[in-house]
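Structural overview for review
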Amino acid sequence: MPRDTSGAEALLRDVFGFDAFRPGQGEIVEAVTEGRNVLAIMPTGGGKSLCFQLPALMRGGVTVVISPLIALMRDQVRGLREAGVAAGALTSGNTEEETDAVWDGLRDGTLKLLYLAPERLAATGTQRMLAQAGIGLIAVDEAHCVSQWGHDFRPDYLRIGELRRTLDVPLAAFTATADAETQDEIVTRLFDGQTPQTFLRGFDRPNIHLAFQPKDGPRKQILSFAAARKGQSGIVYCGTRAKTETLAQALRAEGHAACHYHGGMEAGDRRHVEERFATEDGLIVVATVAFGMGVDKPDIRWVAHADLPKSIEAYYQEIGRAGRDGAPAETLTLYGPDDIRLRRAQIDEGLAPPERRAADHGRLNALLGLAEALGCRRQQLLRYFDEDAGPCGNCDLCDRPPEVFDGTEAVRKALSAALRTDQSFGAGHLIDILMGNATDKVTARRHNQLPTFGVGRDLSKGQWQAVFRQMMGHDLMRPDAERHGALVMTEAARPILRGEESIQLRRDAVVRAETRRPAVKAMVSDEDAPLLSALKAKRRALAEAARVPAYVIFPDRTLIEMAETRPATLDDMARINGVGAKKLERYGAEFLSVITGAAEDMHPTRRKLAGREAGPLYDALMQAQAALMRGADGTEKPLSCSASQLAKVAQVRPDCADGLERILGDKRTERFGLAFLDVLAEAG
Ligand code: ADP
Ligand code: ZN
């Protein structure tokens with residue numbers, strides 16, 4: 001029976017300020033509200049929190065939310081309170097007053113959402129307290145933390161199943177991790193093996209631009225990527241702790257606000273960076289993957305990888321931190337032969353059982369395949385997650401398709417050079433052989449007498465490097481960890497060697513960073529940009545005063561919509577996405593005054609120019625006109641221009657009397673022309 005969701009939609013609008021559910025949210029909200037057990041798999045930024053926050057308001061009793069991250073919990077509690085919802089958290093970071101307030105809210109039944117750190121479940125008394133508090137629903141965020149295979153395993157998550165049994169209430173589990181093993185473990189451990197209603201939301205994040213580049217002066221590549229995005233919040237992921245420090249330094253030297261973050265830092269220093277990142281606009285954090293799980297900032301505009309991530313899943317999770325608000329975001333992933341060697345070695349030297357290692361190589365291969373892709377990257381990425389899609393138009397390969405060539409011959413030559421030298425050498429030496437360079441190493445081993453010596457003179461060294469990199473990317477050759485990275489042929493290469501298969505390679509894989517996408521896709525048109533920055537400044541001031549992250553006031557998305565639609569009244573303002581009743585009351589007027597330029601009694605024509613360059617110009621023209629209303633000596637017949645004439649002058653900015661005359665006619669031009677031209681010239 002279809003359920004009446006109008007209640008949910010009203011809350012969505014009034015409390016959260018959203019016009020519509022994102023795809024998938026509606027069904028999940030419905031199922032959770034009805035009290036069914038639910039497992040929802042949604043990509044990061046898909047809007048999971050709403051899927052338990054909204055049902056919490058619809059259902060009776062308290063909803064317990066279990067989340068592994070204190071920072072994230074505190075953010076959500078803060079956000080909910082801003083929206084007028086009674087929410088509280090019990091974490092180790094609480095002050096005594098905070099904890100007391102939570103207890104009070106539980107006792108008098110006013111609290112709707114209780115966020116709980118998993119380690120709280122271990123404390124005796126917690127379960128008893130919860131049993132008495134009238135809990136109506138358990139929501140588990142980051143449910144994959146229950147998986148012992150996973151990297152985020154939290155032993156305390158294993159207690160959640162017991163809690164569900166004791167309280168005998170429905171449970172809704174949320175995660176972004178899609179793989180089947182993890183899902184099975186969640187079902188076993190959280191739902192005692194009884195399959196919950198499962199929602200698998202699409203994995204596409206269409207607002208994120210995807211791009212890869214082979215390393216070619218990687219520091220410069222990162223710096224130029226960041227330079228084109230100055231002032232925007234971003235993350236640079238690095239493979240080593242040391243690199244986070246040097247790269248952050250280099251970014252600061254170029255005038256960016258940047259700091260580093262890695263697992264070796266003191267907890268206090270780490271928290272400080274997290275705090276700054278959450279609250280400051282435009283900070284760059286250069287980090288290892290230790291920076292991530294706790295990052296709940298929706299307006300991260302870009303993510304760059306200075307080194308290749310370890311798997312396609314890790315890649316997707318890391319870039320997925322960008323653009324959670326749905327506004328355009330950009331990514332760049334650098335990779336090179338050294339990355340491939342390092343990642344392979346990490347897998348081979350790890351302690352995982354052999355099947356696991358083989359699977360890890362497979363996940364790395366999927367990422368390398370994506371790096372060396374010949375067509376739309378998103379299509380290939382989604383295919384890995386079993387989703388079909390057409391070319392996306394929002395990745396570097398859709399922007400400019402790569403030039404490809406039949407690489408079969410080159411690959412066979414390279415394989416033969418490796419085979420004839422017992423697969424004991426790396427790419428450098430093999431390239432010397434192929435190009436016929438009689439280096440000391442080549443002659444000492446008599447490799448200049450091999451039939452393959454010099455058969456590859458048709459390609460340059462750089463081209464051969466690209467061939468070898470792509471061969472590693474397609475897993476035709478693997479560096480052998482036990483022999484210092486000597487390249488060994490894989491089974492996948494055999495059909496090519498035998499001439500049974502051919503392979504296409506990219507020719508211009510190395511494109512200078514400067515030549516592509518020089519400018520960032522602007523978030524709004526030029527016309528709206530000044531207003532957007534004024535709105536952001538207002539938001540920053542309010543956020544600083546309230547000591548909350550900027551997006552808690554309003555996300556970028558909401559400000560963009562304000563800048564584009566320019567609401568003129570509080571009623572218009574209420575229709576903007578993200579402006580709920582509470583926020584309208586609290587901030588509506590302040591943002592409105594930025595848009596309308598403060599003056600309540602502003603002429604509607606002038607109001608249309610609010611926030612645009614023409615606005616102040618209009619005001620200056622008004623002033624000039626007022627001075628000449630009765631002519632230069634104050635004795636002539638009163639004359640003035642209409643508001644729309646002034647607006648037109650302010651927008652068109654004619655640079656001569658003729659241009660003015662076309663707008664104002666001759667009489668007005670005669671009286672105001674010179675003064676207006678002065679005003680226009682001054683505005684430059
Ligand atoms: P995640 O799935 O990663 O937990 P969040 O719940 O943090 O994602 O939501 C990501 C962003 O999307 C937040 O800024 C949130 O306010 C916004 N959001 C969620 N639902 C909607 C919606 N229906 N319409 C517009 N924005 C939404
Ligand atoms: Zn594409």
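So, how was this worked out
Residues numbered from 1 in each chain as written. Chains lettered and ligands numbered in written order. Predicted model: local features only at pLDDT ≥ 70, side-chain atom pairs only at ≥ 80, totals over all residues. Heavy atoms only, no water. Helix = DSSP H or I, 4+ residues; strand = E, 2+ residues; numbered from the N terminus. Buried < 20%, exposed > 50% of the residue type's maximum accessible area, 1.4 Å probe, protein only. Areas by Shrake-Rupley, 256 points an atom, 1.4 Å probe, with all protein chains shown as cover. Lys, Arg positive; Asp, Glu negative; His and termini not counted. Charge placed at Lys NZ, Arg CZ, Asp CG, Glu CD. Near = heavy atom within 4 Å. Polar contact = N/O pair within 3.5 Å; in protein donor to acceptor, adjacent residues only side chain to side chain. Expected span 1.5 Å × (residues − 1). Donors = N, O, S within 2.8 Å, 3.2 Å for Na, K, Ca; no water. Tetrahedral: all angles 85-135°; square planar, octahedral: opposite > 155°, others 65-115°. Core = buried A, V, L, I, M, F, W, Y, C linked by side-chain atoms within 4.5 Å. Contact = heavy atoms within 4.5 Å. Patch = residues over 30% accessible without salt bridge, like charges linked within 9 Å, V, L, I, M, F, W, Y side chains within 5 Å. Salt bridge = Lys/Arg side-chain N within 4 Å of Asp/Glu carboxyl O. Disulfide = S-S within 2.5 Å. Pairing = 2+ DSSP bridges. Axes fitted to C-alpha atoms, helices over the stretch in contact; angles between N-to-C directions.

**Thoughts on the overall build of the protein chain**
When helices and strands are counted, the protein chain shows 30 helices and 18 strands. The dimensions of the protein chain, computed from C-alpha atoms along their principal axes, are 105 × 75 × 50 Å. A burial count over the protein chain gives 51% of its 684 residues as buried. Roughly 30,400 Å² of accessible area belongs to the protein chain as shown, and the carbon and sulfur atoms make up 49% of that amount. In the protein chain, 88 positive and 95 negative side-chain charges are present, and the distance between their average locations comes to 2 Å.

**Here's the deal with unusual backbone geometry**
Although it is not a glycine, Glu142 adopts a positive phi angle of roughly 50°. With respect to the helices and strands, the residue Glu142 is situated in the loop between strand E5 (135–140) and helix H7 (160–167). Of note, Asp475 is a non-glycine position whose phi angle comes to about 55°, a positive value. Note that Asp475 resides in the loop between helix H20 (461–473) and strand E16 (477–480).

**So, the site of ligand 1**
Taken together, 15 residues are adjacent to ligand 1, and Ala20, Gln25, Gly45, Lys48 and Ser49 come closest. The separation between an oxygen atom of ligand 1 and a polar main-chain atom of Gly47 is 3.1 Å. One of the side-chain N or O atoms of Arg324 is found 3.3 Å from an oxygen atom in ligand 1. Contact with the protein chains covers 84% of the free accessible surface of ligand 1, which is 570 Å².

**Quick notes on helix H5 (residues 96–107)**
In a regular helix each residue adds 1.5 Å, so 12 residues correspond to 16 Å; H5 covers 17 Å between its end C-alpha atoms and thus fits that length. Among the residues trailing H5, Gly109 stands out with phi positive, at a value near 75°.

**Topic: the coordination of the zinc ion (ligand 2)**
Taken together, Cys376 (SG), Cys392 (SG), Cys395 (SG) and Cys398 (SG) make up the protein donors of the zinc ion (ligand 2), found 2.4 Å from the metal. Coordination geometry of the zinc ion (ligand 2): the 4 donor atoms subtend angles of 100 to 119° at the metal centre, consistent with an arrangement described as tetrahedral. Taking relative accessible area as the criterion, Cys392 reaches 26% and is therefore assigned partly exposed.

**Digging into the nonpolar core**
Judged by nonpolar contacts, the single largest core of 87 residues is most densely connected at Ile66, Leu130, Val140, Ala173, Leu190, Trp464 and Phe468. Once residues lying within four places of it in the same chain are set aside, the contact partners of Trp464 are Ala410, Lys413, Ala414, Ile431, Leu434, Met435, Gly456 and Leu459. The next biggest cluster of nonpolar side chains, apart from the first, holds 33 residues, and it includes Val32, Phe52, Val85 and Leu113.

**Here's the deal with the environment of Arg566**
Checked against the element boundaries, Arg566 lands in the loop between helix H24 (556–565) and helix H25 (570–574). When its relative accessible area of 13% is taken as the criterion, Arg566 is described as buried.

**A look at a negative patch on the surface**
Residues Asp658, Glu661, Asp666 and Glu670 make up a contiguous surface patch of negative charge. Considering the arrangement of structural elements, one finds Asp658 in helix H30 (residues 657–683). What makes Asp658 exposed here is its relative accessible area of 53%.

**What to know about the environment of Ala627**
Relative to the helices and strands, Ala627 is located in helix H28 (residues 614–627). Separated by 45 residues in the primary sequence, Ala627 and Phe672 place their C-alpha atoms 9.5 Å from one another.

**Comments concerning the state of the cysteines**
On inspection of all chains with the given rule, the structure shows 0 disulfides. The thiol of Cys145 is unpaired, and the distance to the nearest cysteine sulfur, on Cys51, comes to 18 Å. The structure places no disulfide on Cys641, whose sulfur is separated from the nearest cysteine sulfur, that of Cys656, by 16 Å.

**Side note on the pattern of salt bridges**
Summed over all chains, the structure comprises 34 salt bridges. Here Asp556 makes a salt bridge to Arg539, at a shortest N to O gap of 3.0 Å. Highlighted residues: Asp556 in helix H24 and Arg539 in helix H22 (residues 529–546), separated in sequence by 17 residues. For the pair Asp556 and Arg539, one class covers both residues: buried. Through salt bridges with shared partners, one network takes in Asp281, Arg301, Asp325, Arg539, Arg540 and Asp556.

**Details of the sheet that holds strand E2 (residues 62–66)**
Taken together, the 7 strands give an open sheet; going across it, the order is E3-E4-E2-E5-E6-E1-E7, and neighbouring strands pair in parallel fashion. On the outer flanks of this sheet lie strand E3 (87–90) and strand E7 (197–200), each paired with one strand and no other. This sheet shows a mean twist of 20° between the axes of neighbouring strands, independent of strand direction. Pairing analysis gives 4 bridges linking strand E1 (residues 38–41) to strand E6 (residues 171–175), with the strands arranged parallel. Within E6, the position partnered with Ile41 by the bridge is Thr175.

**A look at H24**
Within H24, the full set of buried residues consists of Asp556, Thr558, Leu559, Ile560, Met562 and Ala563. Buried residues belonging to H24 abut H22, H25 and helix H26 (581–596). Downstream of H24 by a residue or two, Arg566 has a phi angle that is positive, lying close to 45°.

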